[in-house]
Amino acid sequence: MAEPQALAPLSLVVLISGRGSNLKAILEAIDRGELPARVSAVISSNAGAPGLEHARRRHIDTLALDAADYPQREDYDRALQGLIDRFEPGLVVLAGFMRILTPGFVRHFSGRLINIHPSLLPEFRGLDTHRRAIAAGARLHGASVHFVTEELDGGPVIAQARVPVLPDDDARTLAARVLAREHQLYCQVIRWIAEGRVGYDGRQVLFDGQPLQTPLQPDARNEDAGI
Ligand code: NHR
Ligand code: GAR
């Protein structure tokens, strides 16, 4: 029998627009040896994104692509695609990336493009999710990781983290509670993809080779059932 081989680390390109706390959580999980991946590049839609600094400090290639230089969305996305392809990533990770991506871009990276969205999809697609969840009287909120398709926040969901909405919550306190869970959730999903346990066949999510019926809930605890 051959010895089990260490997996080659999955090469990631991470796209951000702002703070970059999910990026930071990914880098820290890699540093702790919990994620068999490497961040090959970080690309921001905004040159002033604080998240770029995390990457620079670690001597990771960073790039910023300013929308003002590309009046047409297709041109921006073609340039972005060209930058990403140079790194030949196994996975492209949207981490607080705030631009809608064109169908050609999404098709090019199909099956290797994931996003974390701050709601329990299919609820609250789009922006401003925490305020909208509170306004709707939701008792349960959270985050979802999904493969990106042409349909905005409509791609197949891989995994979710559920978070209670507390009576005194405002959008800020709720966002902070969700964000802490996002960091764990995103690292777990990227680990499954790196291990080859999660994939996408163009239609549905596969987990250990089987179509996934409902989103995974990596650290659901028994008491969640009572929420
Ligand atoms: N692109 C496609 N094709 N499909 C998805 O599912 C995508 C996507 C691009 C980004 C992230 C998403 C989120 O998690 C995401 C998913 C930006 C907007 C948006 O309206 C909406 C959803 C998401 C990201 N962006 C505005 C735009 O015109 C700009 C808003 C701003 O700059 O503040 O691109 O929520
Ligand atoms: C996260 O909450 C992420 O889910 C959300 O923005 C935040 C980014 O935080 N993403 C979107 O709303 C995508 N439209 P971060 O920059 O600290 O990772």
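Everything here concerns the structure above.
Quick caveat, the model's predicted, so the values are computed rather than measured.

Caption draft 1: Up close: the site of ligand 2. Around ligand 2, the neighbouring residues are Arg19, Gly20, Ser21, Asn22, Gly96, Phe97, Met98, Ile116, Pro118, Leu127, Leu179 and Glu182. Interatomic distance of 2.9 Å between a backbone N/O atom of Asn22 and an oxygen atom of ligand 2. Mapped by element, the contributors of at least two residues to the shell around ligand 2 are α1 (21-31) and α6 (171-194). Looking at the shell around ligand 2 residue by residue, the classes come out as six nonpolar, four polar and two charged.

Caption draft 2: Quick look at the sheet that holds strand β6 (residues 140-147). Strand order in the open sheet formed by seven strands is β3-β2-β1-β4-β5-β6-β7, and the pairing between neighbours is mixed. The open sheet has two edge strands, β3 (61-64) and β7 (157-164), and neither has a second partner. Neighbour to neighbour, the strand axes of the sheet diverge by 20° on average, direction disregarded. Bridge count for strand β1 (residues 10-16) against strand β2 (residues 37-44) is seven bridges, and the pairing is parallel. Looking across to β2, one finds that Leu10 is bridged to Ala37. The strands touched by α6 are β1, β4 (91-94), β5 (113-117), β6 and β7; relative to β7, the strand with the most contacts, the crossing angle is about 155°.

Caption draft 3: Representation of the site of ligand 1. Around ligand 1 lies a shell of 20 residues, among which Arg73, Met98, Leu101, Asn115 and Asp153 are the nearest. Met98 has a polar backbone atom sitting 2.9 Å from a nitrogen atom of ligand 1. Between ligand 1 and Leu101 there is a distance of 2.9 Å, counted from a nitrogen atom to a backbone nitrogen or oxygen. Considering ligand 1 on its own, with 730 Å² of exposed area, one finds that the protein chains cover 78% of that surface. In the shell around ligand 1, the residues fall into ten nonpolar, five polar and five charged.

About the cut-offs
Residues numbered from 1 in each chain as written. Chains lettered and ligands numbered in written order. Predicted model: local features only at pLDDT ≥ 70, side-chain atom pairs only at ≥ 80, totals over all residues. Heavy atoms only, no water. Near = heavy atom within 4 Å. Polar contact = N/O pair within 3.5 Å; in protein donor to acceptor, adjacent residues only side chain to side chain. Helix = DSSP H or I, 4+ residues; strand = E, 2+ residues; numbered from the N terminus. Nonpolar A, V, L, I, M, F, W, Y, C, P; charged D, E, K, R; others polar. Pairing = 2+ DSSP bridges. Axes fitted to C-alpha atoms, helices over the stretch in contact; angles between N-to-C directions. Contact = heavy atoms within 4.5 Å. Areas by Shrake-Rupley, 256 points an atom, 1.4 Å probe, with all protein chains shown as cover.

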